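# Breakdown of the fold
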Amino acid sequence: MAENHRAVVKLREKFAGSVLEVKEFRGEVTVTVKKEEIVAICTFLRDSLKYNLLSDVTAVDYLGREPRFMMVYNLYSIPGKDRLRVKAPVEESPAVVDTVSTVWSTADWLEREVFDLFGITFTGHPDLRRILLTDDWVGHPLRKDYPLQGPDREPYAGRLS
């Protein structure tokens, strides 16, 4: 069924070499694409298929696998009443992907959150800086290798003193 989804058909026609995988789970379609084409693909989805709402941008850390990170873009077409998840694999070093803030202005703050918590850099972002943590914070708390008690903290000893 996912292969017949309108966005999947159009993406395979226009970006045949960039579509890496298509999955459907519980009625939700996910298309994994090459990160190098993320801006072109998102622009096409917005302009041609009317995915006019970027509801979320996040990442997943697959520590120990290559590529380590997976960018996740949750899209919604208001006219089509249709959801689509677009994913793009990102290597650990350098953890860099192009910004989609030129496609949807909402990506500005969402990408800043991913930068802050995962340490993924967005090329071409207009104001890439921490959004949740202080500028002097060390590390990225949603990475799986981040210390559970935070930087420079002793492990919890079970006492409430």
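Here we summarise the structure given alongside this text. (Residues numbered from 1 in each chain as written. Predicted model: local features only at pLDDT ≥ 70, side-chain atom pairs only at ≥ 80, totals over all residues. Heavy atoms only, no water.)

## Structural notes on the overall build of the protein chain
When helices and strands are counted, the protein chain shows three helices and seven strands. When the helices and strands of the protein chain are listed from N to C terminus, the series reads α-β-β-α-β-β-β-β-α-β. Based on the C-alpha atoms only, the size of the protein chain along its principal axes is roughly 60 × 35 × 30 Å. Among the 161 residues that make up the protein chain, the fraction classed as buried is 43%. A sequence separation of at least 24 residues applies to 50% of the contacts in the protein chain between residues at least 6 apart. Surface summary for the protein chain: the accessible area is close to 9400 Å², and the carbon and sulfur share equals 52%. If the 23 positive side-chain charges of the protein chain are averaged to one point and the 25 negative ones to another, these points end up 5 Å apart. (Helix = DSSP H or I, 4+ residues; strand = E, 2+ residues; numbered from the N terminus. Buried < 20%, exposed > 50% of the residue type's maximum accessible area, 1.4 Å probe, protein only. Contact = heavy atoms within 4.5 Å. Areas by Shrake-Rupley, 256 points an atom, 1.4 Å probe, with all protein chains shown as cover. Lys, Arg positive; Asp, Glu negative; His and termini not counted. Charge placed at Lys NZ, Arg CZ, Asp CG, Glu CD.)

## Side note on the pairing of strand β2 (residues 28–33)
In terms of burial, β2 is a largely internal element, five of the six residues being buried. In this structure, strand β1 (residues 19–25) lies alongside β2, joined through six bridges in antiparallel fashion. Bridge pairing links Glu24 to Val29 in β2. What sits between β1 and β2 in their antiparallel hairpin is a turn of two residues, with Arg26 showing a positive phi close to 55°. (Pairing = 2+ DSSP bridges.)

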